[in-house]
Amino acid sequence: MEIPEEILISLRKSEDEFIAELKRTAAVRYYRERKLSLGQCAALAEMSEEEFIKYLASFDTSIFSFDDKEELLEDIKNA
């Protein structure tokens, strides 16, 4: 992947930093869209699962998601 030098200069990032940021951003997107699992996204972001969960929080993205109230109540009941 070629990244124009002017982009890197404007962002004040090295090519490696820019690529790492792209990977993390893609991982968040794929997690939100439920295209990849938490573990797969953590691997893509080159983070541990714990680090990735914390990173998701910075995007107001929770690892807990329920399609409806009944699903949440069932999960609470089974806890």
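Quantities reported herein were computed from a predicted structural model and do not represent experimental measurements.

Engineer: Explanation requested: the overall build of the protein chain in the structure shown.
Structural biologist: Counting its secondary structure elements, the protein chain contains five helices and zero strands. Listing every helix and strand of the protein chain by position from the N terminus yields α-α-α-α-α. Looking at the protein chain residue by residue over its 79 residues, the buried ones come to 18%. For the protein chain, the proportion of contacts with a sequence separation of at least 24, taken over those separated by at least 6, is 25%. A total of about 6200 Å² of accessible surface is found on the protein chain, and carbon and sulfur atoms cover 51% of it.

Engineer: Could you clarify how one ought to interpret the packing of aromatic side chains in this entry?
Structural biologist: The description of two aromatic rings rests on the distance between their centres and on the angle between their planes. For the structure shown, the criterion picks out two aromatic pairs. The interplanar angle of 85° and the centroid separation of 6.3 Å between the aromatic rings of Y31 and F52 together place this pair among those described as edge-to-face. Here Y31 is found in helix 2 (residues 15–32), whereas its partner F52 is found in helix 4 (residues 49–57), with 21 residues between them in sequence. For the pair Y31 and F52, one class covers both residues: buried.

Engineer: Help me out: how do you make sense of the pattern of salt bridges in this one?
Structural biologist: Where charged atoms from two side chains of opposite charge approach closely, those side chains can pair. Across all of its chains, the model carries five salt bridges by this definition. E21 is paired through a salt bridge with K13; the nearest N and O atoms lie 2.9 Å apart. The network of salt bridges with common partners includes R29, E33 and K35.

Engineer: For this particular structure, what's the right way to read helix 4?
Structural biologist: Along an α-helix, residues three or four positions apart point the same way, because every turn accommodates 3.6 residues. For helix 4, the set of buried residues is F52, Y55 and L56. Down the axis of helix 4, the smallest arc covering the buried residues is 100°, so these residues share one side. Residues of helix 4 that are exposed and point over 90 degrees away from its buried face: E50 and K54. Its buried side turned inward, helix 4 meets helix 2 and helix 3 (38–44).

What counts and what doesn't
- Residues numbered from 1 in each chain as written.
- Predicted model: local features only at pLDDT ≥ 70, side-chain atom pairs only at ≥ 80, totals over all residues.
- Heavy atoms only, no water.
- Helix = DSSP H or I, 4+ residues; strand = E, 2+ residues; numbered from the N terminus.
- Buried < 20%, exposed > 50% of the residue type's maximum accessible area, 1.4 Å probe, protein only.
- Contact = heavy atoms within 4.5 Å.
- Areas by Shrake-Rupley, 256 points an atom, 1.4 Å probe, with all protein chains shown as cover.
- Phe/Tyr/Trp six-rings, centres within 6.5 Å; stacked < 30°, edge-to-face > 60°.
- Salt bridge = Lys/Arg side-chain N within 4 Å of Asp/Glu carboxyl O.
- Arc of directions from axis to C-beta.

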